[in-house]
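In case you want the letters, here they are:
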Amino acid sequence: MSTYGSFPGSRPRRLRTTPAMRRMVAEYRLHPSDLILPAFVREGISEPLAISAMPGVVQHTRDTLRKAAVEAVEAGVSGIMLFGVPADENKDARGTAGTEPDGILQVAIRDVKAEVGDDLVIMSDLCLDEYTDHGHCGVLDEHGRVDNDATLERYAEMAQVQADAGVHVVGPSGMMDGQVGVIRDALDETGHEDVSILAYTAKYSSAFYGPFREAVASSLQGDRKSYQQDPANARESLRELALDLEEGADMVMVKPAGPYLDILYRVAQAVDVPVAAYQISGEFAMIEAAAEKGWIERERAILETLLGIKRAGADTILTYWATEVAGWLNAER
């Protein structure tokens, strides 16, 4: 027994007694402006198509994408990351549809820009995987391997057409060596100095991408282990980080988010640029499936995972729940 009065003298529970108390002393808070909405737009459809592995998420038509962008703005979401889904017949070995001015992603960028202007940060996925008939993130060589340097030439072309369409931020996600530098040069040389680069700095080869394959109607043959980062490696992510910053990245990202919170923390501690994390399709699907079974409380689980991502160091979070969660947060204010 303590000789200094009642035991114990220090009672941390005093600061947990009421909702108002807990809110007052909270160390981290989610805000709608922390959130970015990933969105898929598919070529040639007249109605949005549900993605079976991602309940509530769809492949948008051009019209429903415009509506989703407006809803995101009204909810206070900061950005929208656009993924184009071309018709199968428009895929080829070089991903030509990805660099056509009238390709589905470029059209979608112009649509959203016309609808919401600068009220939403318009971001675009800069990668070839959606547009290639083999589903890889780059051009293949004669041995069927992704040719890094030939792919960089295609990325430079993609950067230019996406910037011409009016995008604010490009997100090179292919994990090619040197991609950020090549894209920065391509943007600057074509008069797009103000377009930012969100570098997919640590993008791991993950089992949690599964539902995304359906979302973008992927034609992937094989896997991406030869260019996406090995889940066993942590220090390697800091090497990737140093290279991306040297090449001119304005923001950096860790993907996936939940299984790689340790990596997110290391990255956030090492930089003075904004840090993003992508709560990917598999993370989304697991919570939705468990909630549907009644095994977890859906809203609490969603908010807890997002708060954990922010606590680990993310300034912004890409999540398929962005607009919905922003609505919850607004209702609490």
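Residues numbered from 1 in each chain as written. Predicted model: local features only at pLDDT ≥ 70, side-chain atom pairs only at ≥ 80, totals over all residues. Heavy atoms only, no water.

1. Observations concerning the packing of aromatic side chains
Throughout the structure, instances matching the rule amount to six aromatic pairs. Arranged with centres 5.4 Å apart and planes meeting at 35 degrees, the rings of Phe 40 and Phe 83 form a pair that is tilted. With a gap of 43 residues between them, Phe 40 in strand S1 (residues 35-42) and Phe 83 in strand S4 (residues 79-85) connect regions that are remote in the sequence. Across the pair, exposure class does not vary: Phe 40 and Phe 83 are buried alike. Residue placement shows Lys 203 over the ring face of Tyr 209; its charged tip is 5.9 Å from the ring centre. (Phe/Tyr/Trp six-rings, centres within 6.5 Å; stacked < 30°, edge-to-face > 60°. Helix = DSSP H or I, 4+ residues; strand = E, 2+ residues; numbered from the N terminus. Buried < 20%, exposed > 50% of the residue type's maximum accessible area, 1.4 Å probe, protein only. Lys NZ or Arg CZ within 6 Å of the ring centre and 35° of its normal.)

2. Brief notes about the side chain of Glu 288
Mapped onto the fold, Glu 288 is located in helix H9 (residues 281-292). At 2.9 Å, the side chain of Glu 288 and the side chain of Arg 298 are in polar contact. Within the local environment of Glu 288, its side chain forms a polar contact with the side chain of Trp 321, the two groups lying 2.8 Å apart. Contacts of Glu 288, omitting those with residues within four sequence positions, involve Pro 55, Arg 298 and Trp 321. (Polar contact = N/O pair within 3.5 Å; in protein donor to acceptor, adjacent residues only side chain to side chain. Contact = heavy atoms within 4.5 Å.)

3. Observations regarding the nonpolar core
Judged by nonpolar contacts, the single largest core of 99 residues is most densely connected at Phe 40, Ile 80, Leu 82, Tyr 155, Tyr 278 and Val 325. Once residues within four sequence positions are removed from consideration, Ile 80 is found in contact with Ile 36, Leu 37, Ala 39, Leu 65, Ala 69, Val 112, Leu 120, Val 121, Ile 122 and Met 123. (Core = buried A, V, L, I, M, F, W, Y, C linked by side-chain atoms within 4.5 Å.)

4. Overview of the pattern of salt bridges
Applying the stated rule across the entire model yields 13 salt bridges. The closest approach of N and O atoms between Arg 66 and Asp 111, which form a salt bridge, is 3.3 Å. Placement of Arg 66 in helix H2 (residues 62-75) and of Asp 111 in helix H3 (residues 104-116) is noted, with a sequence separation of 45 residues between them. Taking the relative accessible area as the measure of exposure, Arg 66 reaches 24% and is therefore partly exposed. When salt bridges that share partners are traced, they join Arg 62, Arg 66, Asp 111 and Glu 115 into one network. (Salt bridge = Lys/Arg side-chain N within 4 Å of Asp/Glu carboxyl O.)

5. Observations regarding a nonpolar patch on the surface
The grouping of Leu 15, Met 24 and Val 25 at the surface amounts to a nonpolar patch, some 290 Å² of accessible area in total. Its place among the elements puts Leu 15 in the segment before helix H1 (19-25). (Patch = residues over 30% accessible without salt bridge, like charges linked within 9 Å, V, L, I, M, F, W, Y side chains within 5 Å. Areas by Shrake-Rupley, 256 points an atom, 1.4 Å probe, with all protein chains shown as cover.)

6. Topic: the layout of surface pockets
The method is simple in principle: a probe with the dimensions of a water molecule rolls over the atoms, and the space it marks as empty is what remains. One number sums up the size of the largest pocket: a volume of about 960 Å³. As for the largest pocket, its lining consists of 24 residues, of which Ala 26, Tyr 28, Arg 29, Leu 307 and Glu 332 are closest to the centre. No other element matches helix H10 (residues 298-311), which puts eight residues into the lining of the largest pocket. The residue inventory of the lining of the largest pocket, partitioned by class, reads 12 nonpolar, three polar and nine charged. The space that makes up the second largest pocket amounts to roughly 410 Å³. Surrounding the second largest pocket, 21 residues form its lining, Leu 37, Gly 56, Val 57, His 60 and Tyr 320 being those nearest its centre. At the level of elements, S1, strand S3 (58-60), H2, H9 and helix H11 (322-332) are the ones that each hand at least two residues to the lining of the second largest pocket. (1 Å grid on protein atoms, 1.4 Å probe; cavity = no way out; pocket = protein on both sides within 12 Å on 5 of 7 lines; lining within 4 Å. Points joined across faces, edges and corners; volume = space filled by probe spheres on them. Nonpolar A, V, L, I, M, F, W, Y, C, P; charged D, E, K, R; others polar.)

7. Concerning H9
Its 12 residues give H9 an end-to-end C-alpha distance of 16 Å, which sits within 8% of 16 Å, the value for a rise of 1.5 Å per residue. Most of H9 is tucked away: nine of the 12 residues are buried. Looking only at H9, the buried set comprises Ser 281, Gly 282, Glu 283, Phe 284, Ala 285, Ile 287, Glu 288, Ala 290 and Ala 291. Within two residues after H9, Gly 294 carries a phi angle of roughly 80 degrees, on the positive side. (Expected span 1.5 Å × (residues − 1).)

8. Some thoughts on unusual backbone geometry
Here the residue pair Lys 255 and Pro 256 is connected by a cis peptide bond, since its omega of -5 degrees sits within 30 degrees of zero. Tracing the chain through its elements places Pro 256 in the loop between strand S8 (251-255) and helix H8 (261-270). With phi around 60 degrees, Met 175 is a residue other than glycine that occupies positive phi space. Looking at the secondary structure, you find Met 175 in the loop between strand S6 (169-172) and helix H5 (179-189). Accessibility expressed as a relative area gives 6% for Met 175, which makes it buried.

9. Looking at a positive patch on the surface
Judged by side-chain charge, Arg 11, Arg 13, Arg 14 and Arg 16 come together as a positively charged surface patch. Relative to the helices and strands, Arg 11 is located in the segment before H1. (Lys, Arg positive; Asp, Glu negative; His and termini not counted. Charge placed at Lys NZ, Arg CZ, Asp CG, Glu CD.)

10. Side note on the pairing of S6
What you see with S6 is no split at all: Val 169 and Gly 171 on one side and Val 170 and Pro 172 on the other are buried throughout. Two elements, strand S5 (residues 121-126) and S6, share four bridges in a ladder whose sense is parallel. By the bridge assignment for S6, Asp 125 is matched with Gly 171. What joins S5 to S6 is helix H4 (residues 148-165), and the crossover it makes is right-handed. As defined by bridge partners, S6 adjoins strand S7 (residues 196-203) across two bridges and the pair is classed as parallel. Residue Val 170 lies in a different strand from S7, and its bridge partner there is Ile 197. A crossover links S6 with its parallel partner S7, the connecting element being H5, and its sense is right-handed. (Pairing = 2+ DSSP bridges. Right-handed = clockwise from strand over helix to strand, strands pointing away.)

Everything listed is a geometric property; what it means functionally is a separate question.
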